[in-house]
Each structure stands twice: as C-alpha cells, then as structure tokens.
Amino acid sequence: MSAPLLEVQNLHVEFDTYGGTVQAVRGVDFKVEAGRTLAIVGESGCGKSVTVQAMMGLIPMPPGRIMKGSAKLRGVEILGRKTIEGREVRGAEIGMIFQDPMSSLNPTMTIGDQIAEPLIVHRGYSRSKAWARALELLKLVRIPEAEKRAKQYPFEFSGGMLQRAMIAMAISCKPTVLIADEPTTALDVTIQAQILDLLKDLQKETGMALILITHDLGVVARMADDVAVMYAGQVVESGSVDDVFYRSSHPYTLGLKLAMPNNDPGRHDTLQPIEGSPPDLFSPPLGCAYAARCPHSMKVCEARSPEQFDVAPKHYSRCWLHHAQSPHRAEGLYLGGGNE
C-alpha cells in the first residue's frame, strides 16, 4: 500500500457569530493518494468547503478558528503553515478551483495576467515567461484563440470558459493536490461533461491527486475513486466509490441515493426526499446528528455519538447499526445486502 499524499485527521473548525459558536467541522478524517480522486459529498452546509478552506489557510481568523486536528502533505504538517520544503502550500503545492469563477476572478485584470500572476509570485517567472506559459495553459484547457482570449477580461467569457480559465490558474504551478469546489455549479450538462473530462485528462497528465467537493452523486459516480460522505460537520461514511454506491452502509447515504433520479428505463421509482432538517450546529446533538431524520434510529443513537465501524476493508461507517449488538446487524441490513 502506498502512503497517502494528503491526510486529514480529527479536524475541528468553529466560527463565532452573534448567535453563538457554530461547530462547522467536528472531527473530519480523510486521506487521498497521488493520482486518485476523492469526492467529498453532502448537502449544503455540511462542512465540505470549510474543511478544505481550513486546510489551505483560507478561514478568516477571527471569526473562525481551528480548534484541533492535523493535515499532512507527504507526512509534513501544513495546518497554520505557509511553506513546506521551501515551497508555498497555497497555490503551489495545493491548487483550488473555486465554486463561482465570476466572483473569484479579478474583474479589473485580464485573464492572461491572472493566470500568469501565480507563476510570477510562486515560481519567480519573468513577466514574459509567465505570459507565454499562461497562453500554453489556456490552450491546455482547450480555450480557442488563446492569444486573443488572454487579453480579455472575465466579463467577456462565458460561464464554461471562466471555469476553464480558473482551472488553468489552479494548475499553473503544477500542484500535487488540486481541490475542485463544485466546479460544475450553474453550468449546463454539456459544458459540465467537458469540464469533468478536462479534469480527468489533466490528472492523467500530471499525476496529481484530486479532491472533488460536490452534492451531485452523478458527478461522484463519474469521477471518484474514493468517497467521503459528510453530514453535520462529520464524515459519516467513507470507502471506494463502489462500496459507497453499491454497498452503502449509512442511512444518510441510502437517503441520498433514494433522492437521486434514476435513468434506468425499467425502473419507475418515486423519488424519496429525506424528511426533516439538519441539526443546529450551534448546539449539536449528543448522539448521532442524523438520528432525528433516520428511519432506523434507536435509543442509543440519541444518547451517544456513534463510533466509526469497519464495514469492510477500507470501508467505514459512523453508525450504531453496525454495532455487534445491533438487531439490524443480525438481519443483515446495511452491511452491503439489499442496498443495490
């Protein structure tokens, strides 16, 4: 087994607000290996983006603060550090594609200048060399007429073109880890497919690890090697994409699957939304955060936070249904049987 390129352990992040302290991330663990894609999936507000932003030092402090935890890149701690081994972490070692390129790009700078800037800052390129590389990157992300487009401003680009420009900027310094925070939001299906194919091709060419943040299970099925399912600031299930999709072991993951449209012409199942709302993270419940919405909730679920159980090799679930004394375990539920 190869050692993970990036490993996050027991990460806790809080935010002070007028209403109190929000426990946004509550003990998140995940790892990703070089050349592989980890998808972090969950509904809005579950802590996906906050987790990676804290890791990259993008959380404003105050009001945010990292209470405890560890994030190691090639075995070196990066939480709170700007550089490792002489290289800057943010932008150089870890690149990020933000969710909304229109608000993430500088409207007063040309696209070419914005792509060239990280090369000048992090790699010490001259302006002419950085500009030449920016043109190469625009061609790499399949933007036609790169010389002309590089001199244009963000408002002159379509949504799909802006996302490609954002990808070019993120990979300009050849990062070892690329984080894509919902990179296909607000794009039509055709452009979405092109962006995902582009990310796959770039990963094959560079060997970088890819962390894909999304709430679209279709994107997860298409892109991911491994999946971490988040709910209320915690990873409730993790494993390979086949384990999570076809041998789902947490009721929340099953709920997400039942709420997803199916294109199988032989099936006419009614979509089943997950009833209720996520818990208040100003005061998280003592037990399982999903207990109030779970159709299989037991008394222990409300009283004690569930442990992480090994469902199978490299497949984990934070659910009391996997305890040795659980009646559901005896029935064979949530252990891979009957979830397909």
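Residues numbered from 1 in each chain as written. Predicted model: local features only at pLDDT ≥ 70, side-chain atom pairs only at ≥ 80, totals over all residues. Heavy atoms only, no water.

Participant: Help me out: how do you make sense of the overall build of the chain in this one?
Facilitator: Summing up its helical and strand segments, the chain has 12 helices and 14 strands in all. Scaling as 2.2 N^0.38, a compact globule of 340 residues should have a C-alpha radius of gyration of about 20 Å, and the chain matches this with 21 Å. Projecting the C-alpha coordinates of the chain onto the three principal axes gives extents of approximately 70 × 50 × 45 Å. Here the chain holds 340 residues, and the buried ones make up 49% of them. Element-wise, carbon and sulfur atoms account for 52% of the exposed surface of the chain, whose accessible area totals about 16400 Å². (Helix = DSSP H or I, 4+ residues; strand = E, 2+ residues; numbered from the N terminus. Rg over C-alpha atoms; globule rule 2.2 N^0.38 Å. Buried < 20%, exposed > 50% of the residue type's maximum accessible area, 1.4 Å probe, protein only. Areas by Shrake-Rupley, 256 points an atom, 1.4 Å probe, with all protein chains shown as cover.)

Participant: In this structure, what is going on with the sheet that holds strand 3 (residues 37-41)? I would like to understand it.
Facilitator: Sheet strands pair by backbone hydrogen bonding; their relative direction is either parallel or antiparallel. In spatial order, the strands read 8-9-10-3-11-12-14-13; together these eight strands make up an open sheet with mixed pairing. Here the strands that pair on one side only, and so sit at the sheet edges, are strand 8 (94-97) and strand 13 (309-312). Strand after strand, the sheet turns through a mean of 20° between neighbouring axes, direction not considered. Bridge count between strand 13 and strand 14 (residues 315-317): three bridges; the pairing is antiparallel. Paired with Asp310 across the strands is Tyr316, a residue of strand 14. Relative to the sheet, helix 6 (residues 159-170) contacts strand 8 and strand 9 (177-181), its axis offset from that of strand 8 by approximately 170°. (Pairing = 2+ DSSP bridges. Axes fitted to C-alpha atoms, helices over the stretch in contact; angles between N-to-C directions. Contact = heavy atoms within 4.5 Å.)

Participant: Would you mind showing me how to read the sheet that holds strand 5 (residues 76-77) here?
Facilitator: The sheet built from four strands is open, its strands ordered 2-1-4-5 with antiparallel pairing. Either end of the sheet is taken by a strand with one partner, and the two such strands are strand 2 (20-32) and strand 5. Sheet contacts for helix 1 (residues 48-55): strand 1 (6-17), strand 2 and strand 4 (64-73); angle to strand 1, the most-contacted strand, approximately 105°.

Participant: Could you clarify how one ought to interpret helix 6 in this entry?
Facilitator: For an α-helix, 3.6 residues make a turn, and residues three or four places apart therefore share a direction. In this model, helix 6 (12 residues) spans 17 Å end to end at C-alpha, consistent with the 16 Å of a helix rising 1.5 Å per residue. Taking burial as the measure, the 12 residues of helix 6 include 11 buried ones, the bulk of the element. Among all positions of helix 6, only Gly160, Met161, Leu162, Gln163, Arg164, Ala165, Met166, Ile167, Ala168, Met169 and Ala170 are buried. (Expected span 1.5 Å × (residues − 1).)

Participant: Can you walk me through the packing of helix 3 (residues 111-123) against helix 6 in this structure?
Facilitator: To describe two helices that pack against each other, one gives the angle between their axes and the distance between the axes. At a closest axis distance of 9 Å, the pairing of helix 3 and helix 6 adopts a crossing angle of 25°. One way to sum up the angle between helix 3 and helix 6 is to call them roughly parallel. Seen along the crossing, helix 3 lies across helix 6 with a hand that is right-handed. Contact with helix 3, carried on its side by Ile111, Gln114, Ile115 and Pro118, involves Leu162, Ala165, Ala168 and Met169 of helix 6 and no other residues of that element. Its residues placed into classes, the contact of helix 3 with helix 6 shows seven nonpolar, one polar and no charged. (Parallel < 35°, antiparallel > 145°, perpendicular 65-115°, else oblique. Left-handed = near helix turned anticlockwise from the far one by under 90°. Nonpolar A, V, L, I, M, F, W, Y, C, P; charged D, E, K, R; others polar.)

Participant: Looking at this structure, how should I read the pairing of strand 10 (residues 209-214)?
Facilitator: The element strand 10 is largely enclosed, with a buried count of six among its six residues. Side chains of strand 10 alternate between two faces, with Ala209, Ile211 and Ile213 and Leu210, Leu212 and Thr214 buried alike. Bridge count for strand 9 against strand 10 is five bridges, and the pairing is parallel. Paired with Leu178 across the bridge in strand 10 is Leu210.

Participant: Could you clarify how one ought to interpret the nonpolar core in this entry?
Facilitator: Note on soluble globular proteins: their nonpolar side chains tend to be buried together. One finds Leu6, Ile78, Val177 and Ile179 to be the most contacted residues of the largest nonpolar core, which totals 64 residues. It is strand 2 that contributes the most residues to this core, six residues altogether. When sequence neighbours within four positions are dropped, the list of residues in contact with Leu6 reads Phe30, Lys31, Val32, Met55, Lys72, Leu73, Ile78, Val177 and Ile211. (Core = buried A, V, L, I, M, F, W, Y, C linked by side-chain atoms within 4.5 Å.)

Participant: Help me out: how do you make sense of the packing of aromatic side chains in this one?
Facilitator: Note on aromatic pairs: each is described by the distance of the centres and the angle between the planes. Per the stated rule, a full pass over the model turns up four aromatic pairs. A centroid spacing of 4.6 Å and a plane angle of 50° characterise the contact between Tyr231 and Tyr252, whose relative ring orientation is tilted. You can see Tyr231 sitting in strand 11 (residues 226-231) and its partner Tyr252 sitting in helix 10 (residues 251-258), a full 21 residues away along the chain. For the pair Tyr231 and Tyr252, one class covers both residues: buried. Ring geometry for Tyr231 versus Tyr290: centroids 5.2 Å apart, planes at 85°, classification edge-to-face. Highlighted residues: Tyr231 in strand 11 and Tyr290 in the loop between helix 10 and helix 11 (299-303), separated in sequence by 59 residues. According to the relative accessible area criterion, Tyr290 is buried, its value standing at 3%. (Phe/Tyr/Trp six-rings, centres within 6.5 Å; stacked < 30°, edge-to-face > 60°.)

Participant: Just checking my understanding: could you explain unusual backbone geometry for this structure?
Facilitator: With the exception of glycine, the majority of residues adopt a negative phi angle, and the majority of peptide bonds are in the trans configuration. The linkage connecting Met61 with the following residue, Pro62, adopts the cis geometry, with an omega of -10°. Within the secondary structure, Pro62 sits in the loop between helix 1 and strand 4. In this structure, Pro63 follows Pro62 across a cis peptide bond, with omega equal to 10°. The phi angle at Arg142 is positive, at roughly 65°, despite the residue not being glycine. Its identity is not glycine, yet Lys174 carries a phi of approximately 55°, on the positive side.

Participant: Hey, could you run me through the confidence of the model for the chain in this one?
Facilitator: Residues shown with low pLDDT carry predicted positions that ought not to be read at fine detail. Model confidence for the chain is summarised by a mean pLDDT of 85, while 92% of its residues fall at 70 or above. Of the regions scoring below 50 in pLDDT, residues 330-340 engages in 20 contacts with residues more than four places distant in sequence or in other chains. (pLDDT = per-residue confidence, 0-100.)

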